[in-house]
Amino acid sequence: MDMLPVEILEKIFKNLRYSDLKQASAVCRYWYEIYQRPAFLSKIVVHFKKDLGPETIELFLRSECSYQNFRFTSIPFFDVTKSKRSLCRRDVICEDESFIKGVRSLLAKFCHTIQMISFCKCHLERQRFFELLHSISEVKVLDIEECIFAGEDTDCTLQLPKLKKFNFKYPEDEIQRFESGHIYHNLANSNCSLIKLKVQLFINEMFGDTDSDLWEQLKAIAKMVHQHKQTIKSFKVDSFNEPALKKLLFKDDELQLEKLVLGEFKIRKDEQIFFDFLAKQTKIKKLDLTIESSLDPSNDIYLKAICENLKHLEQFYYDMSRNSDIGLEHLQKLSKLKNLVLTKKRNTTALTPQCFDHIYMPNLKSLGIYFRELPLPAVQQIPISFPNLKALNLSECEKAVTDCTVPILFQFLPSLESLDLSKCKQLTERAFFGPARINQLRKLKDLVLEKCDGVTDYSLETFDNPELRSISVAMCHRITNVGWGLLCRRCPNLTWLNASHCRNFDDESARIVATGLRELEILNLFKCSSLTNEAVFSIVENCQYLEDLCLTKCRGIKLKKVEYFDDKMYRVNKNCLKLKNAKTMTKSK
């Protein structure tokens, strides 16, 4: 072990639990030095979930390690059931003082090392939230996702001078969205240098009052963009229809972006502003765009402007609902493009079967097409237009992905490493027994065949891919124990298997998979209702490298939640299960 490079040891240590990591660091001085390295600590995310208690907090308070990344998920910093909430936010907040004191002590201990802090689906009292953030002024990344805010508004400014990235996502409830937007005001005046800004806007055009809280949120976001225009490189907003924000983003010459995501971008009277913006923002490498224009029934002119100006584009996510074949031809002007995703959200302009005939992009490595009405000849043209693909996603292309087109992909795209054919319901067994078979993809590592009726015991016989590492056959109801046995023999090196919603997956299937795929690290058996405790024991006993196991909504499994797993995937505690099994056998005797 001492001869291994530091990077390999860091990767091994990263997968250990905290208690095991602590013991490993005491083995020798060399391992302890790796354990204390800032580069290693920055990769570890300490994830506190809703069961965070005094024992866990005390464990980290005694730690000699200096962690940098904290994430709080579904933690009630105040009790919603006992708190009185109202729209005016003058709430009676019921908090556990000992818990808040423990969290404050935890953050105070690591106040000089924390680089990233995230709050996801937490209940936060405004004043308390600001107090916690002020105690960790060194933070560089702040994530607030679907959190519920309560309590009195405050005019204090978040003092985060080193903040570089800010991500804000509203909760689903409309009232909670309304109350949570006030966090923008407190961050807008922060004296920092933002590089990445990712926000949501819920501005309804029906709200005519420009002094309302909704418009105040917009003003605060516009202020943040203006204040950090010289440093922001990445900007994402889910709704981009407000003229004030458009004017600020499009007309500012000092703003130089590299990543831009604009959701529901509507062009009404500002067509030339958009063209001028593209002419200035020539450094953009990633663009995600959905254009709706009331000036032109086709988006070909806008796609042409994008392809002619943004020569450095490497990732392009584009809604082609209003484009024609002629417009798509401009894509080949993007010589540096590596990742292309084409979607069609509306049935406005129909593409012809020749839509890819005049396109040739040999440098493209990843292609995703989400288009239910894509013509069949267009899929046959993909290997010619994009000959060097390593990743191909044709999920939801129901009409074009058939028994005739799939063998063509197998034959003429031998370098594929990832293939997604999920929801292609026209596939039958004949697709896998054509003149070209899936085993010709010798470099294939990831395969997704969710909700494909053509995946049966008979078709799995052709899956002779020793390089395959992950496969998803969720909702493939025609696979029986014979098929699971074939899959284990044909693809023995699988480390990731998704068999969720498979009706025929029972205890015997679990035993076959567990004994045949001993290298499994992730196993998803969501809603496999035929499973019982015996399946769990056989999986845990045989899959020694198993890290994540999902058994949610498996009604036949009767294990205590605190002893085994939560609603989400948890690392499997083998010793606990062995003890559970031993106790069960003792009681039965």
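Since the model is a prediction, treat every value here as computed from it, not as a measurement.

**Things to note about the pairing of strand β14 (residues 366-370)**
Regular strands place side chains that alternate from one sheet face to the opposite one.
Okay, so step 1: Of the strand pairs in this sheet, strand β13 (residues 339-343) and β14 are connected by five bridges, and their pairing is parallel. Within β14, the position partnered with Leu-340 by the bridge is Leu-367.
Okay, so step 2: By the bridge criterion, three bridges tie β14 to strand β15 (residues 391-393) in an arrangement that is parallel. Paired with Ser-366 across the two strands is Ala-391, which belongs to β15.

**Examining the packing of aromatic side chains**
Okay, so step 1: Evaluated as defined, the whole model comprises 22 aromatic pairs.
Okay, so step 2: Arranged with centres 5.3 Å apart and planes meeting at 25°, the rings of Phe-48 and Phe-72 form a pair that is stacked. With Phe-48 in strand β1 (residues 45-48) and Phe-72 in strand β2 (residues 69-73), this residue pair connects regions lying 24 residues apart in the sequence.
Okay, so step 3: By relative accessible area, Phe-48 is classed as buried at 4%.
Okay, so step 4: Phe-72 sits in the buried class, given a relative accessible area of 0%.
Okay, so step 5: Among the aromatic residues, ring-to-ring pairing joins Phe-48, Phe-60, Tyr-67, Phe-70, Phe-72, Phe-77, Phe-99, Phe-110, Phe-119, Phe-129, Phe-130 and Phe-149 into one connected group.
Okay, so step 6: A cation sits over an aromatic face here: Lys-109 above Phe-110, 5.5 Å from the ring centre.

**Digging into the pairing of β2**
Okay, so step 1: Summarising burial for β2: four of the five residues are buried, a large majority.
Okay, so step 2: What joins β1 to β2 is helix α5 (residues 54-61), and the crossover it makes is right-handed.
Okay, so step 3: For β2 and strand β3 (residues 116-120), the ladder comprises five bridges, and the chain directions are parallel. Residue pairing across strands places Phe-72 opposite Phe-119, the latter belonging to β3.

**Things to note about the nonpolar core**
Okay, so step 1: Among the nonpolar cores identified, the biggest contains 168 residues, and Phe-72, Phe-77, Phe-166, Phe-274, Phe-316 and Trp-484 are the most heavily contacted of them.
Okay, so step 2: The contacts of Phe-166, once residues within four sequence positions are left out, are Leu-142, Ile-144, Tyr-184, Leu-187, Leu-194, Lys-196, Leu-197, Lys-198 and Val-199.

**Thoughts on the packing of helix α17 (residues 481-490) against helix α18 (residues 507-516)**
Okay, so step 1: Close contact between α17 and α18 brings their axes to 9 Å; oriented N to C, the two are set at 5°. Our classification of the angle between α17 and α18 gives roughly parallel. Packed against α17, whose contacting residues are Asn-481, Trp-484, Gly-485 and Cys-488, the element α18 presents Glu-508, Ser-509, Ile-512, Val-513 and Gly-516 at the interface.
Okay, so step 2: Its residues assigned to classes, the contact of α17 with α18 shows four nonpolar, four polar and one charged.

**Points about the packing of α5 against helix α6 (residues 97-109)**
Okay, so step 1: Here α5 crosses α6 at 20°, and the two axes come no closer than 10 Å. Here α5 lies roughly parallel to α6, going by the angle between them. You can see that α5 and α6 cross each other, and the crossing is left-handed. In this structure, α5 uses Ile-57, Phe-60 and Leu-61 to contact α6, whose residues at the interface are Phe-99, Gly-102, Val-103, Ser-105, Leu-106 and Lys-109.

Parameters and conventions
Sequence positions are assigned chain by chain, starting from 1 and proceeding in written order. Two thresholds apply to this predicted model, a pLDDT of at least 70 for residue-level local features and 80 or more for giving and counting side-chain atom pairs, whereas whole-chain, interface and lining totals are computed over all residues. The basis for the side-chain values is all heavy atoms of the structure; hydrogens and waters are excluded. Note on pairing: DSSP must find at least two bridges between two strands before they are called paired. Only DSSP runs of H or I reaching four residues or more are called helices, and only runs of E reaching two or more are called strands; each is numbered from the N terminus. Any two of the Phe, Tyr and Trp rings considered here, Trp counted by its six-membered ring, make a pair once their centres fall within 6.5 Å; the pair's planes then place it as stacked at under 30 degrees, edge-to-face at over 60, or tilted in between. Here's how the labels work: a residue is buried when its accessible area is under 20% of the maximum for its type, exposed when over 50%, partly exposed in between, all with a 1.4 Å probe on protein chains only. Here, a charge over a ring means that NZ of Lys or CZ of Arg falls within 6 Å of the ring centre while also lying within 35 degrees of the ring normal. We call a crossover right-handed when, viewed with the strands running away from us, the connection from the first strand over the helix to the second turns clockwise. What makes a nonpolar core is a set of buried Ala, Val, Leu, Ile, Met, Phe, Trp, Tyr and Cys residues whose side-chain atoms join them at distances within 4.5 Å. Here, residues are in contact when the closest pair of their heavy atoms is within 4.5 Å. An axis is simply a line fitted to the C-alpha atoms; with a helix, the fit covers only the stretch in contact. Between two such axes, the angle follows the N-to-C directions and lies from 0 to 180 degrees. Each angle gets one of four labels, with under 35 degrees taken as roughly parallel, over 145 as roughly antiparallel, 65 to 115 as roughly perpendicular, and the rest as oblique. Put simply, Ala, Val, Leu, Ile, Met, Phe, Trp, Tyr, Cys and Pro go in the nonpolar bin, Asp, Glu, Lys and Arg in the charged bin, and everything else, Gly too, in the polar bin. If you view the pair so one helix is near and one far, a crossing is left-handed when the near helix is turned anticlockwise from the far one by less than a right angle, and right-handed when it is turned clockwise.

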